[in-house]
Each structure stands twice: as C-alpha cells, then as structure tokens.
Amino acid sequence: MHQGQDEYQEQVTGMVCQEADLKDGQMKEVTVGDQKVLLVRTQGQYSAVGSQCSHYNAPLIKGALVGDRVRCPFHGACFNVRTGDIEEYPGLDSLPSYKVNVEDGKVYVSINKNSLKLKKRVKEMCSMVPDIKHTILLIGGGPASLVCAETLRQNCYQGRIIMVTRDNLPPFDKPKLSKAMNLDSSSLLLRPSDFYQQYGIEVWTQKEVMSVNPADKVVKLGDGTLQHYDQLLISTGCRARSLDCPGWDLKGVKLLQRYEDAKEIHNSCLGQKAVVIGASFIGMEVASYLSGKAASVAVVGTSRYPYERSLGPEIGKMCVQMLEEENVKFYMNDGVTEIQGENGKVKWVVLKTGIVLEADVVIAGIGVIPNSDFLAGSKLEVDSRKAVIVDKFMRTNIPDIFSAGDVTSFPLTIRGDQRVNVGHWQMSQAQGRVAALNMLKTPTRCESVPFFWTVLLGKSIRYTGYGEGFTEIIFKGNVEERKFLAFYIKDEVVVAAASLMFDPAVARLAELMATGQILTKAQAQADDLSWLQM
C-alpha cells in the first residue's frame, strides 16, 4: 500500500458546509468526527484550525477575526488562521491546523485520526547540543523567561539555557493566584517538569542572583557561586510593596507574591476576619475570592473608588456594589495609620479617620516595586522607579544584556513610543519572545498592544490599550446593568477600552490598534458601531 493511501485511511473527513455559506472575513464552528473545528474564509481561501484558545480553552468563534488572524475574546491571544501558530499572548501553544478541500461547491475538512483529540499544538523545538559552548542565562522564572527559552529552542538555538528563579516552583500561572487561591501547585504549572528535560532547559529553583558583572559576563548567586553567560535576560518581575506603618511585621500581615502566599492567605482567612489594604486589582480580586470564605472582609482604599485612575469612577463604583452584595465592606478615601496586635499577632487595623477594624488577617495590595536592586553597580540603566530601560528590541544599554516583562520600562508603539512600565502577563510573554529573537540576531521589535483582564465574583472585565492620562470616558451599554463597553479618550482619540459582558469588542479593538488604526472620539460617540464589526 502506498504511504499516501495509508495516510488517507488514517484521516477522518467531513463535509462541513457549502462553499457559498461563508464570505471572506467570516468564520464558522464545525464538527469533524467528534472534534470542533474553526473554519475560516479569508481572501477566497478556506482554512481550518482548532476551535479553542490554547490559553484557557475559550471558544474562538466568539473572537475577533481581522485579516489572517483570530483574537481570543477572553484574554486576547491571537492565532494565524492559516497555520494555527500563536502570534500574540497569553498562552504558550499553537492550534492544530487541518487540511481543507473544496470539491463541487462543498467544503471538506480532514483530520488525522491520531490528532482527533488534540486541542493545542506545541511548536517544534530542538534541544541542547553539549559541544556548543554558548550559554544564555535567564534571571527570573516568570512568563518572559519561559517564552524566551521556548522561542530560542523553536529557532534552533542549541546552546545551554539556564533559568534561575527564587521560587520553589518552575514557571507557573501567576494571574490565577489572586483569583483562585487554593489551587494545587500542579494545576498552576505552565509546563510539566519533563518538558524542561526534553528540550534541555535547566531550571534552577530557590536560587537568587545577587549581582551582575557585565565586564566578565558572570553573575553571582546567593550561595557565592559564579555563573558565566554569553547572553543574559533580566526578567525578574516586580515584588509586592510592603506596608510601612507600625505593626507591618505582626504575624497575620500578608503579601501575595508566591504560590505559598496564596495557600497561606486562603487557609488563614477561612472563618476569620480579613482586612485587605489597597483597592488595587490584586486587592479587589483577593477580597472577591475571600467573600463567602472569611467571616468578614473589609477593603481599605485611598481613592474614592477602586481603579479610579485606571478604569474610571463609574466602573470602580460598580465593582464596589458587586462586592458589597457579597457583604464586603469598603473604607474608601482612607488609609492605615497603624496595625495593632496582641502577643505578636494582628488584632486591629487603625484607619486615618479613626475607625478601628477587627482583623485576624491583613493582606496588603498596595502596588509593586521592580526587582532590580541586584543590578546596583552593573551600570545597567534604570528609570526613576528602578525599572530596567530597554529599546523596542528589548536591549538594555549594555551589549548582550536584554530585559523583558514587568521589570522593564519600554517604548509602547500605540503611544508613539512613550516609555511605559506595563505589568500585564501577555506583554511579558511577548517581550520574552522578542528578546529571544534579537538574541539570535533576528531583528524584531516589540509592537504588542497591552491586553489585561480582572475577575470579580466570576465576572471578567477586559481591557486593552494604554489609558494613562485619559480625559473622558464614552460608554456604550450600561455600567449599572453591568453590561458595557468603555472608550477612554485622550487628545480626541481612543487610547484604551474596557468591557464587561460585551465580547468580542475589546478583542476587536485590540486588533484594530495592532494594525495601527487610529480610532477617533467621533467613532466612539457614534451610535453605529458597525466599524467594530460585532
């Protein structure tokens, strides 16, 4: 039997639609065997890929199709509809792609039987060749480091890759920590441990880099040992800012930074009185999670409403109402003067207004600080916040040293290359990829559009763009009814958007921004939103 016939026998083929059913720029979810498939028509050509996003399995049929790529409606990952390759994050893997034939006006999709159950596809990677004496050292065990390592192997880098992390775990899904605090560590891991062995990626956990010596191309570790590198990635992220009021060091005062912190907060708050200091995204997600688990939850914030500067007062007020319905109490326009305790354990939180809150556990969510102290003396440029300054190629001011992720200050394309520090998961992954390609002398700029989401009581607010300094918000839908699209305006153009229950509007806007389109205030004001093609 010929190999071709053998392959043919191993495939499941289904007639999925008439050729005339889809027009250019349209997509349809079809079923072949038991597999759901996303069928797409662009420029007269049909293509078929997996129907679920590789990040959290969202249905891509509800996403935004622009040109040759579909953007996930939930968290903004993008996939090429012809190849299935992931082109924008979050997530790590690509989609399976399937063969499409058009015969006699009918469209057929064929799937190899062996891959019928596959929902995602790991890109091909090489491994290490021991004879190659070249080392790329990645400081930090977050999303930027992981994507950097994978991109290096996907592009045939066969030298040594070492990832150094202070964490007890290899790279894990950190955004989940504040949303689901009692998860088993194995369900959080972004890759299983054998993945790193298979592709020759060394992961050194519970190790810390204390200093960098660019002249000798070595770093010093906490145990005093030196490690040589040929190229270096600094992707150390940020750490939670500590409280600086009296009593900050009492037992029961917590920061959310590591997996162990999330477990500890969960366990110590069950049936207890919890006070969250800081109405930040992290603080609000923690309060949301603890509602119904702790005996009581109080949130203390310095502004009138949570998110006032980022999402605006209307959305902040809505979020307060959502949590108040779950008996979370808010103390806004206030701050903490002192945390008091008994026998070394937290007992009361004293506010500036004189209010005293009972507390068994205090969780601080008052912002973050870039982890760059170890760079002192290295001559690496940092900004006033101590974020590492990089260009669009993720290069620092020192040759062969790159930086990516939350620790960086970088030029943001959609804001005319204004230097920003953006702590978004997808941006860290995108920058890790860009850093890897430039390490390999494939000139690549970071052009990603920021995309962010927060979850309160199972409801997701999605956000794209960069809204700092917005002067006006234009709403579609109704914030009070908790179904809306918000456009953030600055200098007569849309600089960002947020939504709740309004998919795939934010994904569509992210794609329009990614293609360089300027969206005007007039477009946002118009009753006709057909330009969003919803």
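Since the model is a prediction, treat every value here as computed from it, not as a measurement.

**Side note on the pairing of strand β17 (residues 231–234)**
Move 1: Neither face of β17 is open: one carries Gln-231 and Leu-233, the other Leu-232 and Ile-234, and all of them are buried.
Move 2: Bridge analysis of strand β11 (residues 135–139) against β17 gives four bridges, and the strand direction is parallel. Bridging from a neighbouring strand, Ile-136 pairs with Gln-231 of β17.
Move 3: Relative to strand β29 (residues 401–403), β17 runs parallel, the two being bridged by three bridges. Across the sheet, residue Leu-232 finds its bridge partner in β29, namely Ile-401.

**Observations regarding the pattern of salt bridges**
Move 1: The tally for this structure, following the rule as stated, stands at 27 salt bridges.
Move 2: In this structure, Glu-325 engages Arg-482 in a salt bridge whose closest nitrogen and oxygen atoms are separated by 2.7 Å. Linking Glu-325 in the loop between α7 (313–324) and β22 (328–331) with Arg-482 in the loop between β34 (472–478) and β35 (483–490), this pair joins segments that are 157 residues apart in sequence.
Move 3: The class of Arg-482 is partly exposed, set by a relative accessible area of 23%.

**Here we look at the packing of aromatic side chains**
Move 1: Under the defined criterion, the tally for this structure stands at seven aromatic pairs.
Move 2: Ring plane angle 15 degrees and centroid distance 4.5 Å describe the contact between Phe-281 and Tyr-307, whose orientation is recorded as stacked. Of this pair, Phe-281 sits in helix α6 (residues 281–290) while Tyr-307 sits in the loop between β21 (296–300) and α7, and the two are 26 residues apart along the sequence.
Move 3: When the centroid spacing of 6.1 Å and the interplanar angle of 55 degrees are considered together, the rings of Tyr-463 and Tyr-488 count as tilted. Residue Tyr-463 is located in strand β33 (residues 459–465), and its partner Tyr-488 is located in strand β35; the two are separated by 25 residues in the primary sequence.
Move 4: We classify Tyr-463 as buried; its relative accessible area is 10%.
Move 5: An aromatic cluster is defined as three or more aromatic residues linked by ring pairs; in this entry it consists of Phe-195, Tyr-196 and Tyr-199.
Move 6: We note Arg-191 situated over the ring of Phe-195; from NZ or CZ to the ring centre the distance is 4.5 Å.
Move 7: Lys-293 extends its terminal NZ or CZ atom over the ring of Tyr-289, reaching a point 4.0 Å from the ring centre.

**Brief notes about helix α8 (residues 425–439)**
Move 1: Relative to the 21 Å expected for 15 residues at 1.5 Å per residue, α8 spans 21 Å between its end C-alpha atoms, a close match to the ideal helical length.
Move 2: With its phi angle positive at about 65 degrees, Lys-441 sits one or two positions after the end of α8.

**Considerations on the sheet that holds strand β30 (residues 408–412)**
Within a sheet, adjacent strands bond to each other through the backbone by hydrogen bonds, running parallel or antiparallel.
Move 1: Spatially, the three strands line up as an open sheet ordered β28-β30-β31, and their pairing is mixed. Of all the strands in the sheet, the pair left with one neighbour each is β28 (388–389) and β31 (418–420).
Move 2: The sheet contact formed by β28 and β30 spans two bridges and is parallel. Bridging across to β30, Ile-389 finds its partner in Ser-409.

**Digging into helix α5 (residues 259–269)**
Since the α-helix advances by 3.6 residues per turn, residues separated by three or four positions end up pointing in the same direction.
Move 1: Within the sequence span of α5, burial applies to Tyr-259, Asp-261, Ala-262, Ile-265, His-266 and Cys-269. Along the axis of α5, the buried residues cluster in a sector spanning 165 degrees; they form a single face.
Move 2: Gly-271 sits one or two positions beyond α5 and adopts a positive phi of about 70 degrees.

**As for the nonpolar core**
For soluble globular proteins, the rule of thumb is that nonpolar side chains tend to be buried together.
Move 1: Among the nonpolar cores identified, the biggest contains 71 residues, and Val-212 and Leu-232 are the most heavily contacted of them.
Move 2: When residues of this core are assigned to their parent elements, the largest contribution, seven residues, is made by α8.
Move 3: With 48 residues, the next largest nonpolar core counts Ile-363, Phe-484, Ala-486 and Val-495 among its residues.

Reading the values: rules and limits
- Residues numbered from 1 in each chain as written.
- Predicted model: local features only at pLDDT ≥ 70, side-chain atom pairs only at ≥ 80, totals over all residues.
- Heavy atoms only, no water.
- Buried < 20%, exposed > 50% of the residue type's maximum accessible area, 1.4 Å probe, protein only.
- Helix = DSSP H or I, 4+ residues; strand = E, 2+ residues; numbered from the N terminus.
- Pairing = 2+ DSSP bridges.
- Salt bridge = Lys/Arg side-chain N within 4 Å of Asp/Glu carboxyl O.
- Phe/Tyr/Trp six-rings, centres within 6.5 Å; stacked < 30°, edge-to-face > 60°.
- Lys NZ or Arg CZ within 6 Å of the ring centre and 35° of its normal.
- Expected span 1.5 Å × (residues − 1).
- Arc of directions from axis to C-beta.
- Core = buried A, V, L, I, M, F, W, Y, C linked by side-chain atoms within 4.5 Å.

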